[in-house]
Amino acid sequence: MTTTSAGATAPATATPRAVRATAERSTTGTRTGRRFQHGGWFVAPFLLLFLLFVIVPVLRGVWLSLTDANISGEGARFVGLDNYTEALQDPLVWDSLGHSAYFTLLVVPCIVLVALLLALLAHHIEHAKWLWRLCFFAPFLLPSTVVGNMWRWMFNPDTGLLDHVFGMETAWLTQKDTAMTAVVVATLWWTVGFSFLLYLAALQNIPQHLYEAAALDGANAWHRTVHITLPMLRSITGLVVALQILASLQVFDQVVVMYDFGPGPEESTRTMVQYTLEQGFTSYRVGYASAISILFFLMIAVIALGRMWLLRKREEGVQ
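Residues numbered from 1 in each chain as written. Predicted model: local features only at pLDDT ≥ 70, side-chain atom pairs only at ≥ 80, totals over all residues. Heavy atoms only, no water.

A.B. asks: Honestly, the overall build of the protein chain in this entry has me stumped. Any pointers?
C.D. replies: Secondary structure summary: the protein chain contains 13 helices and two strands in total. Relative to its full complement of 319 residues, the protein chain shows a buried share of 35%. Within the protein chain, residue pairs in contact and separated by at least 24 positions form 64% of the contacts whose partners lie at least 6 positions apart. As displayed, the protein chain offers around 19600 Å² of accessible surface, 67% of which is attributable to carbon and sulfur atoms. (Helix = DSSP H or I, 4+ residues; strand = E, 2+ residues; numbered from the N terminus. Buried < 20%, exposed > 50% of the residue type's maximum accessible area, 1.4 Å probe, protein only. Contact = heavy atoms within 4.5 Å. Areas by Shrake-Rupley, 256 points an atom, 1.4 Å probe, with all protein chains shown as cover.)

Below is the structure:
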């Protein structure tokens, strides 16, 4: 047997090339192990925080969902899947889920369309680009309480801005047919800036020579937008849609602020998150609220995994 300089053992009849390959593999494995060992110390704080503030609360919630625990946490009895059975048969759960889904169906297309238009506008403006970008993104920096109270005042039929300036005397917040629309308008104004930035960054990454070649072929601005810009933004549009769906299903802050922590007219704006909190902190049924939250979490996880699966299939199809 012959021993290499890296400590690997090779047969005596091995060629010099085989010996070198064995030594390189041994050295590469040692370096990888060292990088993993040193990198582990950098990842450890994040993993510790993730364990304490994500994994442990999730496991705690799963356990509570199997009990009849109240808000005091004392005297909880194991009830198995009774909470889940009750949640699946609770009509208010399905109503709240329907309100969250209805809000999502309204707000997501609006955010995608408005964010794309704003990004195209800001991308092609020649003067004071920084000012336009700041104006479009600034609302996203506001706290949800500020946004909710501001739009509640604007929608007020007696003293609101929409009534005095535009003559809109509709009681947006007190009518069932317009209550969710008011939340959609406030959310669109508040959150469109994030999607706007994503689209703007994607627009700046489109190669300029594609537009120059299309212009030489006689394509006008509309044709360049339809046949170059929109196809090049397909991946970022998928990302924006996925992020907005996940965020919109969890809508809570602006709804409770605009309606003073109430469910809105005829309970038309009660969302899934709001109903879960009502069960946990108003009815004091922590175990039942945990079961509802676990079911809601599983639904969102399925949507996220489905999005990842579709994206992977599309990438495989392109390749």
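A.B. asks: Teacher, can you tell me more about the confidence of the model for the protein chain here?
C.D. replies: Any residue range with low pLDDT should be treated as having predicted coordinates unsuitable for detailed reading. Looking at the protein chain, the pLDDT average stands at 85 and 86% of residues meet or exceed 70. Mean pLDDT per element in the protein chain: strand β1 (residues 2-3) is the minimum at 46, and helix α2 (residues 82-89) is the maximum at 95. Confidence drops under pLDDT 50 across residues 1-12; counting only partners more than four residues distant or on other chains, this segment forms 18 contacts. (pLDDT = per-residue confidence, 0-100.)

A.B. asks: Which parts of the structure should I look at to understand the environment of S144?
C.D. replies: Structurally, S144 is set in helix α5 (residues 144-154). Judged by its relative accessible area of 15%, S144 falls in the buried class. The sequence separation of S144 and D253 amounts to 109 residues, and the corresponding C-alpha distance is 6.0 Å. Beyond its immediate sequence surroundings of up to four residues, S144 is in contact with W190 and D253. Within the local environment of S144, its side chain forms a polar contact with the side chain of D253, the two groups lying 3.3 Å apart. (Polar contact = N/O pair within 3.5 Å; in protein donor to acceptor, adjacent residues only side chain to side chain.)

A.B. asks: Before we go on, may I ask you to explain the environment of V107 in this structure?
C.D. replies: Position of V107 relative to the elements: it lies in helix α3 (residues 91-124). Looking at V107, the relative accessible area reads 0%, which means it is buried. Sequence-wise, V107 and I245 are 138 residues apart; in three dimensions their C-alpha atoms are separated by 8.9 Å. In contact with V107, other than residues within four places in its own chain, are V184, T187, L188 and S248.

A.B. asks: I would appreciate a short explanation of α2 in the present structure.
C.D. replies: Each turn of an α-helix holds 3.6 residues, which means side chains three or four residues apart point in the same direction. Of the residues making up α2, those classed as buried are N83, Y84 and A87. Across the axial projection of α2, the buried residues extend over an arc of 100°, all falling on one side. (Arc of directions from axis to C-beta.)

A.B. asks: Explain the packing of aromatic side chains to me, please; I cannot follow it from the model alone.
C.D. replies: For any pair of aromatic rings, geometry is given as the distance between the ring centres together with the angle between the planes. On inspection of all chains with the given rule, the structure shows nine aromatic pairs. Between W151 and F155, the aromatic rings sit 5.4 Å apart at their centres with planes inclined by 35°, giving tilted as the arrangement. Across the pair, exposure class does not vary: W151 and F155 are buried alike. Ring pairing ties together the aromatic residues W151, F155, W172 and W189, which thus form one cluster. Positioned above the aromatic ring of Y288 is the side chain of R285, whose terminal nitrogen or guanidinium carbon lies 4.3 Å from the ring centre. (Phe/Tyr/Trp six-rings, centres within 6.5 Å; stacked < 30°, edge-to-face > 60°. Lys NZ or Arg CZ within 6 Å of the ring centre and 35° of its normal.)

A.B. asks: I would appreciate a short explanation of the packing of α3 against helix α4 (residues 129-137) in the present structure.
C.D. replies: Between two packed helices, the angle of one axis relative to the other and the distance separating the axes together describe the packing. The geometry of α3 relative to α4 is characterised by a closest axis approach of 9 Å and an angle of 165° between their N-to-C directions. If you check the angle between α3 and α4, you find them roughly antiparallel. As α3 runs across α4, the sense of the crossing is left-handed. In contact with L118, L121, A122 and H123 of α3, α4 contributes K129, R133 and F136. Broken down by class, the residue content of the contact of α3 with α4 amounts to four nonpolar, one polar and two charged. (Axes fitted to C-alpha atoms, helices over the stretch in contact; angles between N-to-C directions. Parallel < 35°, antiparallel > 145°, perpendicular 65-115°, else oblique. Left-handed = near helix turned anticlockwise from the far one by under 90°. Nonpolar A, V, L, I, M, F, W, Y, C, P; charged D, E, K, R; others polar.)

A.B. asks: Would you mind showing me how to read the nonpolar core here?
C.D. replies: As a rule of thumb, soluble globular proteins bury nonpolar side chains together. With 44 residues, the main nonpolar core has F155, Y199, L233, M258 and Y259 as its most contacted residues. Among the elements that take part in this core, helix α7 (residues 176-204) stands out by supplying 14 residues, more than any other. The residues touching Y199, leaving out its near neighbours within four places in the chain, are V112, A115, L116, A119, L233, I236, T237 and V240. Counting residues in each nonpolar core, the second largest holds ten residues, with L249, M272, I292 and F296 among its members. (Core = buried A, V, L, I, M, F, W, Y, C linked by side-chain atoms within 4.5 Å.)

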